[in-house]
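The residues making up each chain are set out below.
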Amino acid sequence: MLLPEDILSKLIYLDSDFISVVYQTVTGDSPQTYFSKTQGKKGDSKELFIAHSQNLESKSFNKSSIEMLKEIYAELAKYPNFNPAIFKNYEGTKTVWINGQFTMGEWISTKQIDGKTTKSDPCIMYEIEDNSDKYALLPQPHLFSSNIGSLINTTSAIRNNIGIPTKTFGRILYKVEDSNMFVMTPYLILED
């Protein structure tokens, strides 16, 4: 699996945090790291407040995430293609490649209440469809390139015919057996 020379025109999604950790592991090139702590108070009245603190880690590399990806892509390519037939829930996650169509899906749940069927509001999600298998993606919307992440907020008329051939690298978390769908955290999505 070769990284396309025109990666910027093929890039759909890139988790730069994941790529930087793999880059650091593969090359041994450590970033400058900065730690900071923020503190604050939250509450509705003068008597009741909740103190909170948050530790933040910032890393600074001398390379862009695209440059790092180019250097470590051969290592990522060593990961296997996903075999849905052998995946079992409760036996751990799998970091794999999937070839399929990047598309949008809609989930509507139904309930029976007093003999009447009610439907929930639709939940719109990013998906990869591979033959008869579907993968619900759990992406960070800001990590999509070229504002592709904004598709989630568009009308169904615009989302109807999305079917971009892709190769996706990510982590299969589990299978939703009721819907025969795998849940996946993507790290890299490239147009194929």
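See above for the structure.
About the thresholds
Residues numbered from 1 in each chain as written. Predicted model: local features only at pLDDT ≥ 70, side-chain atom pairs only at ≥ 80, totals over all residues. Heavy atoms only, no water. Buried < 20%, exposed > 50% of the residue type's maximum accessible area, 1.4 Å probe, protein only. Helix = DSSP H or I, 4+ residues; strand = E, 2+ residues; numbered from the N terminus. Pairing = 2+ DSSP bridges. Core = buried A, V, L, I, M, F, W, Y, C linked by side-chain atoms within 4.5 Å. Salt bridge = Lys/Arg side-chain N within 4 Å of Asp/Glu carboxyl O. Expected span 1.5 Å × (residues − 1). Polar contact = N/O pair within 3.5 Å; in protein donor to acceptor, adjacent residues only side chain to side chain.

### Some remarks on the pairing of strand β10 (residues 181-191)
Most of β10 sits inside the fold, with nine of its eleven residues counted as buried. The sheet contact formed by strand β1 (residues 11-14) and β10 spans three bridges and is antiparallel. Residue pairing in the sheet places Leu11 in a bridge with Leu190 of β10. For strand β8 (residues 133-137) and β10, the ladder comprises four bridges, and the chain directions are parallel. In the sheet register, Ala136 faces β10, and the bridge partner there is Val183. Summarising the sheet, strand β9 (residues 164-176) and β10 pair through ten bridges and their orientation is antiparallel. Bridging from a neighbouring strand, Lys167 pairs with Leu190 of β10. Hairpin connection of β9 to β10: four residues between the antiparallel strands, including Asn180 at a positive phi of 55°.

### Topic: the nonpolar core
Phe82, Ile98, Phe102, Tyr135, Leu137, Phe144 and Ile172 are the most contacted members of the largest nonpolar core, which totals 21 residues. Those elements that provide at least two residues to this core are β1, β4 (94-107), β7 (123-130), β8 and β10. With four residues, the top contributor of residues to this core is β4. Residues Val22, Met68, Ile72 and Leu190 belong to the second largest nonpolar core, which totals 19 residues.

### What about the pattern of salt bridges?
Per the counting criterion, the structure on display carries three salt bridges. With a closest N to O distance of 2.9 Å, Lys78 and Glu75 form a salt bridge.

### Things to note about helix α2 (residues 16-27)
The α-helix winds at 3.6 residues per turn, so residues separated by three or four positions along the chain end up facing the same way. In this model, α2 (twelve residues) spans 16 Å end to end at C-alpha, consistent with the 16 Å of a helix rising 1.5 Å per residue. For α2, the set of buried residues is Phe18, Ile19, Ser20, Val22 and Tyr23. Where α2 starts, the residue carrying a side-chain oxygen 3.1 Å from the main-chain nitrogen of Asp17 turns out to be Asp15. Backbone geometry just after α2 places Gly28 at a positive phi near 80°.

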